[in-house]
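Reading the structure
Below, each chain spelled out in residue letters.
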Amino acid sequence: MHNTADLQDTVDEIARLLGASATLEDRSFRLLAYGAQHGDIDTVRQESILRRRATREVRDYFERYGIARVSGPIRIPADADLKVLARVCWPLRHGDVTYGYLWLLDSGELTDEALRRVEPLVSRAAGELAQEARSRQDLGRGLRALLSADPEERAQVSIELPGPVAAIAVRESRERVAALWTLPRGVLSRAGSPVALLAPAGLAGEVAQTVQAAYGTAAGLGAPRNDPADAWQSWREARLALRVAEHFPRFAPIARWEDLGVHRLLARLGQADLRELAAETAALDRELAQTVETYLDLGGHAQKAAAELGVHRQTLYYRLGKAGRLTNRDLSDGDDRMAVHLGLKAARLLPQPQEGAQSGAQSGARPGARTGAPPGAR
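Going along each chain's sequence as written, the residues are numbered from 1 onward. Per-residue local features of the predicted model are confined to residues with pLDDT of at least 70, and side-chain atom pairs are confined, for both listing and counting, to 80 or more; whole-chain, interface and lining totals are unaffected and use all residues. The side-chain quantities take in all heavy atoms of the structure and omit both hydrogens and water.

1. Overview of the nonpolar core
- In this structure, L198, W235 and L260 are the most contacted members of the largest nonpolar core, which totals 34 residues.
- The secondary structure listing takes helices from DSSP runs of H or I that are at least 4 residues long and strands from runs of E that are at least 2 residues long, numbered from the N terminus. Every element with two or more residues in this core is listed here: α6 (143-146), β6 (165-170), β8 (195-200), α9 (231-247), α10 (263-268), α11 (271-278) and α15 (334-348).
- The leading source of residues in this core is α9, at eight residues.
- Contacts are assigned to residue pairs with any non-hydrogen atoms lying within 4.5 Å of each other. When sequence neighbours within four positions are dropped, the list of residues in contact with L260 reads A241, V244, F251 and A255.
- The definition of a nonpolar core used throughout is a set of buried Ala, Val, Leu, Ile, Met, Phe, Trp, Tyr and Cys residues joined through side-chain atoms within 4.5 Å. Partly exposed describes any residue whose relative accessible area lies between the buried limit of under 20% and the exposed limit of over 50%, with all areas from a 1.4 Å probe on protein chains only and scaled to the type maximum. Among the nonpolar cores identified, the runner-up in size contains 27 residues, and A15, A22, L24 and L92 belong to it.

2. What to know about the environment of A149
- With respect to the secondary-structure elements, A149 resides in the loop between α6 and α7 (151-154).
- With relative accessibility at 57%, the residue A149 sits in the exposed group.
- Remark: the alpha-carbon pair of A149 and Q233, spanning 84 residues in sequence, is separated by 7.8 Å.

3. Points about the sheet that holds strand β9 (residues 219-221)
- DSSP bridges decide pairing: two strands pair if at least two such bridges lie between them. The five strands are arranged β7-β8-β6-β9-β10 in an open sheet whose pairing can be described as mixed. Each having just a single partner strand, β7 (188-190) and β10 (254-256) make up the two edges of the open sheet. The average undirected angle you get between the axes of adjacent strands in this sheet is 15 degrees.
- Bridge analysis of β6 against β9 gives three bridges, and the strand direction is antiparallel. Within the sheet, the bridge partner assigned to A169 lies in β9 and is G220. Working convention: axes come from line fits to C-alpha atoms, limited for helices to the stretch in contact. Angles between N-to-C directions cover 0 to 180 degrees.

4. A closer look at the sheet that holds strand β4 (residues 87-94)
- Spatial strand order, β2-β1-β5-β4-β3: five strands in an open sheet with antiparallel pairing. Looking along the sheet, the strands with just one partner apiece sit at the ends: β2 (31-34) and β3 (74-76). Averaged over neighbouring strand pairs, the angle between their axes works out to 25 degrees when direction is ignored.
- With three bridges joining them, β3 and β4 adopt antiparallel strand pairing. Bridge pairing in β4 places I74 opposite C89.

Geometric values such as these leave the question of function open.
Right, dumping it as structure tokens:
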């Protein structure tokens, strides 16, 4: 993790020498340290300090000037619409890699000569960020063991992390690559199938969205654990939540373990148990399966189900009656309804013929809200 005290000392010294307001952010625009205020303040600096991060619109404006590619300080003009004052952006580069940014509000007094005086301090800050990045890579290599269900394997690693933490599982993609190394500080990552991430609980939702969007697939988010030693339990939940996200569109693209209700039980079942449940509805074709699942999902409300399916209520009743005869179940009976409902949900979690070749590399969520057909309904 960053040595925040050292970074703060460096920023304070830069602000003092230049007589300018200074902030230091990591490469994902998260605030790491800021100096005392000098002169005017704009909305961007205020939001960065209060919310710890600049808005997407402001980040896009700054990135338009190529701040991730330049090797030295670059002057960025004011923008009245964005309420941005003129500032100097100094990329914190080490070994040709940008690890963060130093921002200096510029009232017109930041000459090139003045900037040269603080160059050693900027280099020191860049070195500190680079060292932290290397430390995080080392921690990431131990993430596999940390998340293992085997207590002996977990005992072989010693990673000191502040809690609470939450694990994230993201389905990898053959077409896209996520820049995991640009994630906020405190986030550990490991490529694989699925991609594994461990993040501070307060950041986990945002990290899941970022990585899921980068891959364009699906993600599962485990429940937080106060003790990082229990992160393996959150990782197990994250993988099960990912399974639900890939097969139930209502939970896609990011499924949170804490929001899954009874689907948590289904996700824990093995293939044999799922097949046993799904056998209840094996006689239904796709149309009937969709009709019954929609009807049961809506609590047996015929009018809502007909509207959802876009059919007349008499058509709905006809299909429900036919489904009852094929399954030998009475859909007006609570136990029978539960058996059919679980059967339809279990069928979604069973591999479909078209999924075999993909091996789950892409999101398995079928199109539409409730279009999954049980095995044997071909």
